[in-house]
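# Structure assessment
What follows is the residue order along each chain.
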Amino acid sequence: MSTHGAYYIPHKAVWPVLATAGLMLMLAGFANHLNGSAIGSGMMLTGFVAFLVMLGLWFALQSTESESGMYNHGVGISYRMGMMWFIFSEVMFFAVFFGALWYARNISIPHLGEGGMLSGPGRSTHDVLWPAFQAVWPTNGPGNVGGEFEPMGAFGLPFINTLLLLSSGVTCTWAHHGLLAKNRDQLIKGLLATVGLGFLFVAFQATEYYEAYHEMGLTLGSGIYGSTFFMLTGFHGFHVCVGAIILSVVLFRSWKGHFTPENHFAFEAAAWYWHFVDVVWLGLFIFVYIM
Amino acid sequence: MSAVVAEHDDHHDHHDHGPEKGILRWIITTNHKDIGTLYLVFALIMFFVGGTMALIIRSELFEPGLQFVDPNFFNSMTTMHALVMVFGAVMPAFVGLANWMIPMMIGAPDMALPRMNNMSFWMLVAGVLLLASTLFMEGGAPAAGWTLYPPLVLQTGKAFPFAIFSVHMLGISSIMGAINVIATIFNMRAPGMTLMKMPLFVWTWLITAFLLIAIMPVFAGAVTMLLTDRFFDTSFFDAAGGGDPVLYQHIFWFFGHPEVYVMILPTFGVASTIIPVFARKPLFGYASMVYATGAIAFLSFIVWAHHMFTVGLPVAGELYFMYATMLIAIPTGVKVFNWTATMWKGSMTFETPMLFSIAFVVLFTMGGFTGLMMSVAPSDFQYHDTYFIVAHFHYTLVPASIFILMAAGYYWLPKWTGNMYNEKIGQLHFWLSAISVNILFFPQHFLGLAGMPRRIPDYAIQFADWNMVSSIGAFIYGFSQLLFVYIVIDTIRGGTGKVTAEVWEDAGKHSLEWTVPSPAPYHTFTTPPEIIPTEHF
Ligand code: HEM
Ligand SMILES: [Cu+2]
């Protein structure tokens with residue numbers, strides 16, 4: 001496995017540092033906004049736009065270089081490894097929130113409720129502070145934080161969303177087969193379907209959130225149930241959006257005639273990302289909605 | 001290491017560009033050596049920023065009573081000192097070494113993803129800037145300790161969201177850096193450079209990179225929950241809503257324990273690289289070093305609650321985490337024995353890098369032993385949150401990680417600059433550091449065993465003597481580090497003269513970087529070197 005010889009080493013790049021500056025401006029703006037400063041939201045927006053534009057220009061450069069054949073097989077391997085490990089880091093990020101859900105259901109709630117699973121200080125919290133609290137799930141805690149709420153059922157919109165996302169995984173793979181078979185029509189149709197299903201998913205999730213907030217009393221502030229429910233599904237929804245945007249770019253590039261059966265890293269990366277988002281949803285559907 | 005270079009083709013084709021001119025060179029560079037230099041210089045500056053904070057702490061603790069700073073600022077100093085040293089100095093310094101050395105050690109033309117490499121450096125700078133900006137905010141910099149435990153940390157003033165976002169940016173930086181290291185090592189090795197021929201520095205960094213990718217997102221998740229608990233009404237760490245502050249501690253230490261290994265594994269790697277050269281013997285037990293590194297990394301994920309023995313874990317948990325923690329002493333012991341065996345009957349010479357490395361072996365072992373003491377759960381009820389643990393982790397970090405970073409500086413400066421450093425002043429730097437570091441930290445064991453709590457600006461009178469000794473050590477240690485700055489600048493300007501490509505006797509048999517000219521050209525190994533196995537190295 002020699003990747004030497006023609007390994008492409010870029011000599012300078014302005015986009016990474018500018019994108020970083022944009023991101024920093026955005027986060028500093030967000031922090032100011034959270035602190036109640038009036039300039040915060042403006043800073044945040046400017047930074048966000050700058051970040052996106054710089055990333056966009058960076059990726060455009062990558063795409064031009066790729067199309068002009070500057071990347072050999074070795075470069076492609078580096079990119080694939082990069083994407084793989086990036087997805088692994090995302091897995092770990094979601095794992096924290098799944099872990100928090102597990103911990104709340106199996107440790108902190110039983111501790112706070114009667115006859116905790118484990119002996120220890122949880123018992124005295126129960127005895128001294130909230131002797132009436134019973135360990136049940138879903139719960140907003142012994143303090144009834146956020147007021148009464150109705151938990152989200154699994155077999156309404158969430159079930160439809162599961163079907164949507166699973167089919168989008170299928171259409172994505174179908175598009176990949178089209179790409180490999182040089183069937184441009186299948187590639188573009190498959191991608192269109194995938195992106196469409198992705199955005200439909202987001203729309204349904206928005207509806208679900210709207211109902212939660214306005215009809216069920218379920219908010220981010222509904223104790224530990226609301227916290228884990230919205231943070232898990234919210235981060236996932238955000239990833240669906242990002243994935244759908246990446247796929248749209250790939251769709252645009254396919255439409256312009258980029259990608260060959262040998263050289264289509266961007267497509268693969270987007271597809272991997274999409275399948276990852278898919279799998280996370282399955283986890284969510286089981287652990288957040290059903291169980 | 002069992003590889004030497006048969007021949008090295010030094011030809012540069014017309015694609016080769018030199019560096020840009022002026023300041024822009026450093027801002028938009030994608031060259032692994034430039035980026036390595038940026039990381040190293042940044043880390044050195046942060047070392048002095050963090051060091052200044054430490055001296056503020058030690059000034060306040062020189063005598064009992066409140067002298068110089070108010071208690072909240074004192075707590076900001078302990079918090080910021082740790083964050084700056086961990087995320088601004090030690091980690092970036094090792095990333096700098098990785099950037100400089102890994103491509104040269106495996107015969108690669110550069111890092112695998114050079115543009116992302118540039119971005120990870122600037123993310124680091126941005127993260128540290130956000131963190132530093134909190135020093136000037138209403139309510140002061142974060143003061144709840146570097147572990148950022150809720151509910152205390154939620155009382156931070158305006159600094160709070162800035163500190164959180166700083167952690168996010170530092171996390172992104174580390175993840176990108178780690179991805180780059182992995183892709184480089186797996187994809188860019190010269191033909192013939194099999195995994196088991198790689199210098200141990202490369203191996204330890206490979207494993208460190210896995211750790212980083214696994215843990216930085218975990219830390220990011222933890223601080224995200226802090227952010228939403230404070231600003232968006234969530235209840236992750238609030239018992240009234242069904243959450244639990246102890247959950248934060250679990251998540252933090254799931255990150256935090258592997259994190260300390262992120263700082264020590266590359267340290268092990270550099271030590272394993274330097275000691276054989278000055279003992280003039282191949283590294284003893286190369287394969288066992290690799291496996292021990294892997295074992296330590298694996299174990300680091302299953303021992304986190306040894307930081308939480310006193311929070312009220314169930315007895316089964318205490319026992320499990322106690323025994324699991326003790327297991328770490330086994331692969332760590334393997335390493336210490338291997339270093340010792342490498343030196344055994346070697347024809348040793350004691351240049352500055354070797355002096356620092358030997359001191360590392362001895363003093364790190366001390367830190368390991370106190371770690372072992374604290375791993376005994378019932379004993380840790382006594383040690384926890386006292387100066388004993390401060391002594392423990394400073395022994396594992398200062399005379400270990402920092403000493404080895406200094407050793408690395410002396411060892412590779414001639415390769416980087418083409419000039420020899422001043423050996424006399426180097427040795428003076430070593431002896432001052434080695435003696436003062438013990439004056440500084442050894443008495444802290446006594447203070448801790450006698451019950452002095454950590455993170456307090458004032459203390460009972462019976463702790464006065466050893467605190468004074470410790471503070472004196474701190475000032476000697478701190479100021480002697482200025483010698484290093486002097487030596488670095490002096491070496492860049494010519495030092496004591498030009499060096500050969502190999503610099504250290506027979507170093508070329510150990511590792512590829514000694515086969516390219518000194519100073520290392522802007523581009524190295526644009527055509528891969530040929531690597532043939534030999535019997536001894
Ligand atoms: C033989 C290996 C080691 C063992 C058995 C060990 C064990 C421990 C234990 C049990 C604690 C918790 C003490 C307490 O809070 O009561 C601790 C704290 C700590 N250790 Fe180690 N340790 C080892 C090596 C290391 C290394 C190599 C490093 C860093 C390079 C390190 C850095 C730390 C730090 C920073 C803390 C304090 C964290 C804090 O509370 O702020 N340890 N260690
Ligand atoms: Cu630990």
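Quantities reported herein were computed from a predicted structural model and do not represent experimental measurements. (Residues numbered from 1 in each chain as written. Chains lettered and ligands numbered in written order. Predicted model: local features only at pLDDT ≥ 70, side-chain atom pairs only at ≥ 80, totals over all residues. Heavy atoms only, no water.)

### Structural notes on the site of ligand 1
All names here are of chain B. For ligand 1, the set of nearby residues contains 22 residues, the closest of which are W146, D380, H384, H392 and R454. The separation between an oxygen atom of ligand 1 and a polar side-chain atom of D380 is 2.6 Å. Within the side chain of H384, a nitrogen or oxygen atom sits 2.8 Å from an oxygen atom of ligand 1. Mapped onto the shell around ligand 1, the elements with two or more residues apiece are α7 (245-279), α10 (352-375) and α12 (387-417). Counting residues per element, the shell around ligand 1 draws most heavily on α10, which supplies six residues. (Near = heavy atom within 4 Å. Polar contact = N/O pair within 3.5 Å; in protein donor to acceptor, adjacent residues only side chain to side chain. Helix = DSSP H or I, 4+ residues; strand = E, 2+ residues; numbered from the N terminus.)

### With respect to the nonpolar core
Within the largest apolar cluster, 272 residues are counted, with the highest numbers of intra-cluster contacts made by L97, W205, W412 and W504 of chain B. Residue assignment places this core across two domains, with domain 1 (12-65) and domain 2 (76-102 + 147-290) of chain A each supplying three or more. Among all residues touching L97 of chain B, those that are not within four sequence positions of it are L40, I102, F201, V270, L405, A408, W412 and W416 of chain B. (Core = buried A, V, L, I, M, F, W, Y, C linked by side-chain atoms within 4.5 Å. Buried < 20%, exposed > 50% of the residue type's maximum accessible area, 1.4 Å probe, protein only. Domains from an automatic or database assignment. Contact = heavy atoms within 4.5 Å.)

### A word on the coordination of the copper ion (ligand 2)
Residues and elements named next belong to chain B. For the copper ion (ligand 2), every protein donor is listed as H257 (ND1), H306 (NE2) and H307 (NE2), and the spread of their distances is 1.9 to 2.0 Å. Taken in chain order, the donor set of the copper ion (ligand 2) reads H-x48-H-H. Here the copper ion (ligand 2) and the iron atom of ligand 1 are spaced 4.5 Å apart. In this pair, H257 sits in helix α7 while H307 sits in the loop between α8 (286-300) and α9 (315-343), placing the two residues 50 residues apart along the sequence. For H307, a relative accessible area of 21% gives the class partly exposed. (Donors = N, O, S within 2.8 Å, 3.2 Å for Na, K, Ca; no water.)

### What to know about the confidence of the model for chain B
Residues and elements named next belong to chain B. Per-residue pLDDT for chain B has a mean of 93; in total, 96% of the residues score no lower than 70. Mean pLDDT in chain B bottoms out at strand β1 (residues 4-5), which sits at 44, and peaks at helix α6 (residues 200-231), which reaches 98. Ignoring residues within four places in sequence, the model shows residues 1-15, a span with pLDDT below 50, making 41 contacts including any to other chains. In the predicted structure, residues 533-537 sits below a pLDDT of 50 and forms 13 contacts with residues beyond four places in sequence or in another chain. (pLDDT = per-residue confidence, 0-100.)

### Observations concerning the state of the cysteines
Residues and elements named next belong to chain A. Applying the stated rule across the entire model yields zero disulfides over all chains. With no disulfide of its own, C172 lies 17 Å from the sulfur of C241, the closest cysteine sulfur. Accessibility expressed as a relative area gives 1% for C172, which makes it buried. (Disulfide = S-S within 2.5 Å.)

### Details of unusual backbone geometry
Residue and element names in this part refer to chain B. Omega for the bond connecting P150 with P151 falls within 30 degrees of zero, at 0°, which places this linkage in the cis form. Here the phi dihedral of L148 falls at roughly 55°; this positive angle occurs in a residue that is not glycine. The topology assignment puts L148 in the loop between α4 (114-133) and α5 (159-187). Judged by relative accessible area, which is 4%, L148 ranks as buried. Phi at D506 takes a positive value of approximately 60°, unusual for a residue other than glycine. Summarising the element assignment, D506 is placed in the loop between α14 (464-492) and β2 (531-532).

### Things to note about the interface of chain A and chain B
Of the residues lining the interface, 67 residues belong to chain A; the matching set on chain B comes to 74 residues. Of the roughly 5,700 Å² buried where chain A meets chain B, counting both sides, 74% is carbon and sulfur surface. One can count one salt bridge joining chain A with chain B. For E65 of chain A, the salt bridge is made with R115 of chain B, and the minimal N-O distance between the two is 2.7 Å. The interface formed by chain A and chain B contains 13 residue pairs in polar contact (both at pLDDT 80 or more). Counting residues per element, the ones that place at least two in the side of chain A that touches chain B are α1 (15-34), α2 (40-67), α3 (73-112) and α7 (223-255) of chain A. Each residue belonging to the side of chain A that touches chain B can be placed in one class, and the counts come to 44 nonpolar, 21 polar and two charged. (Buried area = accessible area lost by both parts, 1.4 Å probe. Salt bridge = Lys/Arg side-chain N within 4 Å of Asp/Glu carboxyl O. Nonpolar A, V, L, I, M, F, W, Y, C, P; charged D, E, K, R; others polar.)

### Let's talk about the coordination of the iron atom of ligand 1
Exactly one protein atom donates to the iron atom of ligand 1; that atom is H392 of chain B (NE2), 2.1 Å from the metal. Inspection of the secondary structure puts H392 of chain B in helix α12.

### Considerations on the packing of α9 of chain B against α10 of chain B
All names here are of chain B. Two numbers describe how α9 lies on α10: the axes approach to 10 Å, and their chain directions differ by 160°. By the angle between their axes, α9 is roughly antiparallel relative to α10. Handedness of the α9/α10 crossing: left-handed. Here α9 contributes M322, T325, M326, A329, T332, V336, W339 and M343 to the contact with α10, which in turn contributes M354, I358, F360, V361, F364, T365, L372 and S375. (Axes fitted to C-alpha atoms, helices over the stretch in contact; angles between N-to-C directions. Parallel < 35°, antiparallel > 145°, perpendicular 65-115°, else oblique. Left-handed = near helix turned anticlockwise from the far one by under 90°.)

### A word on the pattern of salt bridges
As enumerated under the stated definition, the model contains eight salt bridges over all chains in all. Two residues, E67 of chain A and R253 of chain A, come together in a salt bridge whose shortest N-O distance is 3.7 Å. Separated by 186 residues along the polypeptide, E67 of chain A in helix α2 and R253 of chain A in helix α7 bring together distant segments of the chain. Residues K509 of chain B and D506 of chain B are paired through a salt bridge, measuring 3.8 Å at the closest nitrogen-oxygen approach.

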